[in-house]
Amino acid sequence: MRRQFRLAARVCLLGLLAAGVVALYAYGEARRLPAIRWATLALADWPAGIAPVRVVLISDIHLGNQTMDATRLRKVVDEINVLSPDIVLIAGDFIAGHAEDRAGRDAARLIAPLRRLRVRIGIVAVLGNHDHWSNATAVTRALERAGITVLNNNAARIGPLVVGGLDDDFTERARPAMMLARMARLVGPRLVLSHSPDPAARMPTPLVMLAGHTHCGQVVLPIVGRLVSVSRLGNRYACGLIREPGRTVIVTAGLGTSQLPFRLGAVPDLWLLTIGPGGPGQRPNRSPARPR
């Protein structure tokens with residue numbers, strides 16, 4: 001009996017040690033610098049004589065929890081600046097909170113790091129569910145102070161692009177018809193920025209949408225797969241570059257974490273997009289060597 005007890009105790013101890021090692025690894029993965037994904041997108045109505053633009057897509061900063069503080073955000077911004085983007089698009093969830101932050105303390109902490117972004121044309125953002133749950137007004141004001149254009153069911157001409165920005169679909173604030181009507185008033189090649197990718201399925205084609213929200217599952221186990229899906233459409237727009245007839249959707253894994261401070265099988269990432277005329281193409285969906 002004692003021998004069986006000692007064996008069981010050792011097995012439990014080994015299990016706890018293994019779980020601890022995995023948790024430490026997953027925490028480190030959640031705090032690593034983002035992998036860089038590439039894609040080349042061709043948009044209709046590209047103006048003649050205008051060169052393609054370099055666009056960086058990021059999402060889900062989630063400032064204010066264990067995996068995203070101002071120091072890490074500054075490092076991510078430095079990584080983005082090395083890529084020399086013309087435009088930066090940010091697909092919501094700037095804040096980590098689930099509860100109202102009346103003072104907007106976390107929102108105010110966004111200003112200094114995001115002011116460090118260096119772009120040739122401009123920076124555009126939409127809000128996510130966590131921003132609305134915490135303090136959407138404070139987040140919007142902080143982003144505007146950082147020089148970022150916030151689009152809530154609105155559109156703007158950003159360099160050669162007409163960018164439509166959907167408000168958050170997860171909290172039922174998205175108004176695609178309103179946004180599309182405002183896009184129609186502007187001339188130029190079009191794309192849509194949304195926190196959640198779900199609206200893509202019910203929007204008219206042709207459509208190019210850039211989104212976040214899913215974290216690419218955040219924790220993805222071998223065989224089991226994604227433990228949690230925050231998309232109403234399951235795995236249809238779970239992660240990466242998805243091409244459907246008339247639709248191209250890119251979903252970034254985001255930079256921060258929600259709920260638990262772990263990432264496993266779904267590292268933080270950002271997308272470097274070359275957007276211009278010509279036939280559609282895609283470079284390998286992998287991380288390059290980091291520029292020195």
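Criteria and thresholds
Residues numbered from 1 in each chain as written. Predicted model: local features only at pLDDT ≥ 70, side-chain atom pairs only at ≥ 80, totals over all residues. Heavy atoms only, no water. Helix = DSSP H or I, 4+ residues; strand = E, 2+ residues; numbered from the N terminus. Buried < 20%, exposed > 50% of the residue type's maximum accessible area, 1.4 Å probe, protein only. Contact = heavy atoms within 4.5 Å. Areas by Shrake-Rupley, 256 points an atom, 1.4 Å probe, with all protein chains shown as cover. Phe/Tyr/Trp six-rings, centres within 6.5 Å; stacked < 30°, edge-to-face > 60°. Pairing = 2+ DSSP bridges. Core = buried A, V, L, I, M, F, W, Y, C linked by side-chain atoms within 4.5 Å. Lys, Arg positive; Asp, Glu negative; His and termini not counted. Salt bridge = Lys/Arg side-chain N within 4 Å of Asp/Glu carboxyl O. Polar contact = N/O pair within 3.5 Å; in protein donor to acceptor, adjacent residues only side chain to side chain. Axes fitted to C-alpha atoms, helices over the stretch in contact; angles between N-to-C directions.

### Structural notes on the overall build of the protein chain
Here's step 1: On a plain count of helices and strands, the protein chain comes out with 7 helices and 14 strands.
Here's step 2: Taking all 292 residues of the protein chain together, 53% fall into the buried category.
Here's step 3: Of all intrachain contacts in the protein chain linking residues separated by at least 6 positions in sequence, the fraction that spans at least 24 positions is 77%.
Here's step 4: Of the roughly 13700 Å² of accessible surface on the protein chain, 56% is carried by carbon and sulfur atoms.

### Quick notes on the packing of aromatic side chains
Here's step 1: This model, assessed by the stated rule, comprises 1 aromatic pair.
Here's step 2: Where Trp-133 meets Phe-170, the ring centres are 6.2 Å apart and the plane angle is 70 degrees; that geometry is what we call edge-to-face. Residue Trp-133 is located in helix H5 (residues 129–134), and its partner Phe-170 is located in the loop between strand E7 (161–165) and helix H7 (176–184); the two are separated by 37 residues in the primary sequence.

### Notes on the pairing of strand E12 (residues 240–244)
Successive residues of a regular strand alternate their side chains across the two faces of the sheet.
Here's step 1: Here 5 bridges tie E12 to strand E13 (residues 247–251), and the two strands are oriented antiparallel to one another. Along E13, the bridge assignment pairs Arg-243 with Thr-248.
Here's step 2: Count of turn residues in the E12/E13 antiparallel hairpin: 2 residues, of which Gly-246 carries a positive phi of about 85 degrees.

### Let's talk about the nonpolar core
Here's step 1: Counting 35 residues, the largest nonpolar core has Ile-61, Ile-90, Phe-94, Leu-114 and Leu-143 as its most contacted members.
Here's step 2: Every element with two or more residues in this core is listed here: strand E1 (35–42), strand E2 (53–58), helix H2 (70–82), strand E3 (87–91), helix H4 (111–115), strand E4 (122–126), helix H6 (136–145) and strand E14 (269–276).
Here's step 3: The leading source of residues in this core is H6, at 5 residues.
Here's step 4: With sequence-adjacent residues up to four places away left out, Ile-61 is seen in contact with Met-68, Leu-73, Ile-90, Gly-92, Asp-93, Phe-94, Leu-114, Leu-255 and Gly-256.
Here's step 5: Counting residues in each nonpolar core, the second largest holds 26 residues, with Val-163, Leu-193, Leu-241 and Leu-273 among its members.

### A look at the side chain of Asp-101
Here's step 1: Within the secondary structure, Asp-101 is located in the loop between E3 and helix H3 (105–108).
Here's step 2: This buried residue, Asp-101, is left without a salt bridge; Arg-105 holds the nearest opposite charge, at 4.2 Å.
Here's step 3: There is a polar contact of 3.3 Å between the side chain of Asp-101 and the backbone nitrogen of Asp-106.

### Focus: the sheet that holds E12
Within a sheet, each strand pairs with its neighbour through backbone hydrogen bonds, oriented either parallel or antiparallel.
Here's step 1: Strands sit in the order E6-E7-E8-E9-E13-E12 across an open sheet of 6 strands; the sheet is mixed. The open sheet is flanked by strand E6 (154–158) and E12, the only strands paired with a single partner. On average, each strand axis in the sheet is tilted by 20 degrees relative to the strand beside it, whichever way the strands run.
Here's step 2: Bridging between E6 and E7 involves 5 bridges; their strand directions are antiparallel. Looking at the pairing, Ile-158 lines up with Leu-161 of E7.

### So, the environment of Ile-80
Here's step 1: Along the polypeptide, Ile-80 turns up in helix H2.
Here's step 2: Through-space distance from the C-alpha of Ile-80 to that of Val-119 is 9.3 Å; in sequence the pair is 39 residues apart.

### Side note on the pattern of salt bridges
Oppositely charged side chains are able to pair whenever their charged atoms sit close together.
Here's step 1: On inspection of all chains with the given rule, the structure shows 9 salt bridges.
Here's step 2: One salt bridge in this structure joins Asp-78 and Arg-116, with 2.7 Å as the shortest N-O distance. With Asp-78 in helix H2 and Arg-116 in the loop between H4 and E4, this pair connects stretches of sequence that are 38 residues apart.
Here's step 3: The residue Asp-86 makes a salt bridge to Arg-120 at a minimum N-O spacing of 2.7 Å. Of this pair, Asp-86 sits in the loop between H2 and E3 while Arg-120 sits in the loop between H4 and E4, placing them 34 residues apart in sequence.
Here's step 4: Here the residues in one salt-bridge network are Asp-169, Arg-202 and Arg-232, joined through shared partners.

### Topic: the side chain of Thr-67
Here's step 1: When you line up the elements, Thr-67 lands in the loop between E2 and H2.
Here's step 2: Here Thr-257 takes part through its side chain, which lies 2.6 Å from a polar atom of the side chain of Thr-67.
Here's step 3: Those residues in contact with Thr-67 that sit more than four places away from it in its chain are Tyr-27, Ala-30, Arg-31, Arg-72, Gly-256, Thr-257 and Pro-261.

### Overview of the sheet that holds strand E5 (residues 149–150)
Here's step 1: Read from one edge to the other, the open sheet built from 6 strands follows the order E1-E14-E2-E3-E4-E5, with strand pairing classed as mixed. Looking along the sheet, the strands with just one partner apiece sit at the ends: E1 and E5.
Here's step 2: Looking at chain direction, E2 and E14 are connected through 5 bridges and run antiparallel. In the strand pairing of E14, Val-56 is matched with Leu-272.

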